[in-house]
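Breakdown of the fold
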Amino acid sequence: MLKVSNVYKSFGKTKVLKGISLEVKKGQVLAVIGPSGAGKTTLLRCLNFLESADSGSMDFDDLHVDLSKVSKKTMLQIRRKTAFVFQNYNLFANKTALENVMEGLIVSKKMKKDKARDLAEAALAKVGLSDRADYYPSSLSGGQQQRVGIARAFALNPEVILFDEPTSALDPELIGEVLAVIRGLAEEGVTMVIVTHEMTFAREIADRVIFMEDGQIVEEGSPSQIFENPQENRTREFLSRVCVSSL
């Protein structure tokens, strides 16, 4: 479904991605873990063209893309197949929860307002926020704002949802409500790539796990392999430091 090969990205003289290759099949959940500065967020942003990769290729369904010279038309085609959930919600402060969810449907999908409203209301209901549809972001908790962000992504009916550390900006007591929503999407077979520092969650929800460090994939495997029997010393060191109880 989605495959990227040999992706490189530098910011000035700093090499952030050093030949990343990965594949996500339809219905899979891929968790990307690793220390800060590993390149995880940059990788995710390159998949959605929020950053431009220096080189590499992408295959998405029947599209083959040279990431160093992707056209605006192809970029738009792929963006319409994906949705991005940001760390810091990225909601419009002057729009209600409902309007935030409707915005992408109207602007990106060119949908009429009545239909967009119906889909947005259904998406908010899915994340348990029907009673907050007319609230502005400033009147919502961090967990509620992030759930609006997930509703906005889900409403677009993308083939893949990309999550960039969706709980990193939340107070610990609010993390559970967001993870519960993502868990529900996984149970429905929604294809997802999730950059996360929640190790227990990654172990529970993912079909495959990638451990990244210094712009490279150090190890990849099933959750049981990565968390119970990692093959690389660096993977073991990282997991022991983030308190994975099984190690």
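Before going into details, it helps to say that this report is about the structure given with it. A quick note: this is a predicted structure, and the numbers were derived from the prediction, not measured. (Residues numbered from 1 in each chain as written. Predicted model: local features only at pLDDT ≥ 70, side-chain atom pairs only at ≥ 80, totals over all residues. Heavy atoms only, no water.)

What about the sheet that holds strand S5 (residues 63–66)?
Backbone hydrogen bonds hold the strands of a sheet together, and the pairing may be parallel or antiparallel. Definition in use: The pairing criterion is simple: DSSP has to find at least two bridges between the two strands. The helix and strand labels rest on DSSP assignments: H or I over at least four residues marks a helix, E over at least two residues marks a strand, and numbering proceeds from the N terminus. To obtain each axis, a line is fitted to C-alpha atoms, and for helices this fit is confined to the stretch in contact; angles are then taken between N-to-C directions over 0 to 180 degrees. Should any heavy atoms of two residues lie within 4.5 Å, those residues are considered in contact.
Taken in spatial order, the 4 strands of this open sheet run S2-S1-S4-S5, and their pairing is antiparallel. Of all strands in the sheet, those bounded by a partner on one side alone are strand S2 (14–24) and S5. Ignoring strand direction, the axes of neighbouring strands in this sheet form an average angle of 15 degrees. Summarising the sheet, strand S1 (residues 2–11) and strand S4 (residues 55–60) pair through 5 bridges and their orientation is antiparallel. Among the inter-strand pairings, tyrosine 8 is bridged to a residue of S4, identified as serine 55. Seen against the sheet, helix H1 (residues 40–47) touches S1, S2 and S4 and runs at an angle of roughly 60 degrees to S2. Across the sheet, helix H2 (residues 72–79) is in contact with S4 and S5; its angle to S5 comes to roughly 125 degrees.

Comments concerning the packing of aromatic side chains
Quick note on the threshold: Any Phe, Tyr or Trp ring, taking Trp's six-membered ring, that has another such ring centre within 6.5 Å forms a pair; planes under 30 degrees apart are called stacked, those over 60 apart edge-to-face, and the others tilted. Burial here depends on accessible area, computed with a 1.4 Å probe over protein chains only, as a share of the maximum for the residue type. Under 20% is buried, over 50% is exposed, and the range in between is partly exposed.
This structure, assessed with the given rule, holds 2 aromatic pairs. Ring centres of phenylalanine 84 and phenylalanine 86 lie 4.6 Å apart, and the angle between their planes is 45 degrees; this geometry places the pair in the tilted category. The exposure class of phenylalanine 84 is buried, given its relative accessible area of 8%. Summarising the aromatic geometry, the rings of phenylalanine 211 and phenylalanine 238 are spaced 5.1 Å apart at their centres and angled 35 degrees between planes, so their arrangement reads as tilted.

What about the sheet that holds strand S3 (residues 29–33)?
A sheet is described by the order of its strands in space; here 6 strands give the open sequence S6-S7-S8-S3-S9-S10, paired in mixed fashion. Lying at the two open borders of the sheet, with one neighbouring strand each, are strand S6 (82–85) and strand S10 (216–221). Averaged over all adjacent pairs, the angle separating strand axes in this sheet is 15 degrees, with direction ignored. Pairing geometry for S3 and strand S9 (residues 208–213), over 4 bridges, is parallel. If you follow leucine 30 over to S9, its bridge partner there is arginine 208. Packing of helix H5 (residues 142–155) onto the sheet brings it into contact with S6 and strand S7 (160–164), and relative to S6 it is tilted by some 175 degrees. Together, S3, S7 and strand S8 (192–195) form the strand contacts of helix H6 (residues 172–187), whose direction differs from that of S8 by roughly 150 degrees.

Notes on helix H4 (residues 113–126)
Along an α-helix, a turn takes 3.6 residues, which lines up residues three or four apart on a common side. As a reminder of what qualifies: Every helix has an expected span of 1.5 Å times one less than the residues it contains. Throughout, the arc means that of the directions going from the helix axis to the C-beta atoms.
Between its terminal C-alpha atoms H4 stretches 20 Å, which fits the 20 Å expected from 14 residues at 1.5 Å a residue. Those residues of H4 lying buried are Ala116, Ala120, Ala123 and Leu124. In an axial view of H4, the angular spread of the buried residues amounts to 95 degrees, which keeps them on one side of the axis. Of the exposed residues in H4, those oriented more than 90 degrees away from the buried face are Asp114, Lys115 and Asp118. For H4, the elements touching its buried residues are helix H3 (97–107) and H5.

Things to note about the nonpolar core
Note the threshold: For the purposes of this section, nonpolar cores are sets of buried Ala, Val, Leu, Ile, Met, Phe, Trp, Tyr and Cys residues that join through side-chain atoms within 4.5 Å.
Within the largest apolar cluster, 41 residues are counted, with the highest numbers of intra-cluster contacts made by Leu124, Ile150, Phe163, Ile182 and Met192. Those elements that place two or more of their residues in this core are S6, H3, H4, H5, S7, H6, S8 and helix H7 (199–205). Top element by residues in this core is H6. It accounts for 8 residues. Residues contacting phenylalanine 163, with those up to four places away along its chain left out, are Leu44, Val85, Ile150, Ile182, Leu185, Met192, Val193, Ile194 and Val195. Counting 30 residues, the second largest nonpolar core, distinct from the first, contains Val7, Val24, Leu67 and Phe84.

Remarks on the packing of H3 against H4
The condition is simple: Angle categories: roughly parallel below 35 degrees, roughly antiparallel above 145, roughly perpendicular from 65 to 115, and oblique for all the rest. Take the far helix as your reference; a near helix turned counterclockwise from it by less than a right angle gives a left-handed crossing, and one turned clockwise gives a right-handed crossing. Under the convention adopted here, Pro, Cys and the residues Ala, Val, Leu, Ile, Met, Phe, Trp and Tyr are nonpolar, Asp, Glu, Lys and Arg are charged, and Gly plus all remaining residues are polar.
Relative orientation of the contacting elements H3 and H4 amounts to 125 degrees, with a least axis distance of 8 Å. As judged from the angle between their axes, H3 and H4 are oblique. When the axes of H3 and H4 are compared, the crossing they make is right-handed. Residues Ala97, Leu98, Val101, Met102, Leu105 and Ile106 of H3 form the contact with H4, whose participating residues are Lys113, Ala116, Arg117, Leu119, Ala120, Glu121, Ala123 and Leu124. Residues that form the contact of H3 with H4 fall into these classes: 11 nonpolar, no polar and 3 charged.

A word on the pattern of salt bridges
Spelled out, the test is: For this document, the term salt bridge refers to a Lys or Arg side-chain nitrogen within 4 Å of an Asp or Glu carboxyl oxygen.
Under the definition given, this model contains 13 salt bridges. One salt bridge connects lysine 81 with glutamate 159, and the closest N-O pair in it is separated by 3.2 Å. Here the residue lysine 81 occupies a position in the loop between H2 and S6, and glutamate 159 occupies one in the loop between H5 and S7, the gap between them amounting to 78 residues. Classification of glutamate 159 by relative accessible area gives partly exposed; the value is 28%. Across the salt bridge formed by arginine 132 and aspartate 131, the nearest N and O atoms sit 3.0 Å from each other. Bridged by salt links that share partners, the residues Asp61, Lys81 and Glu159 form one connected network.

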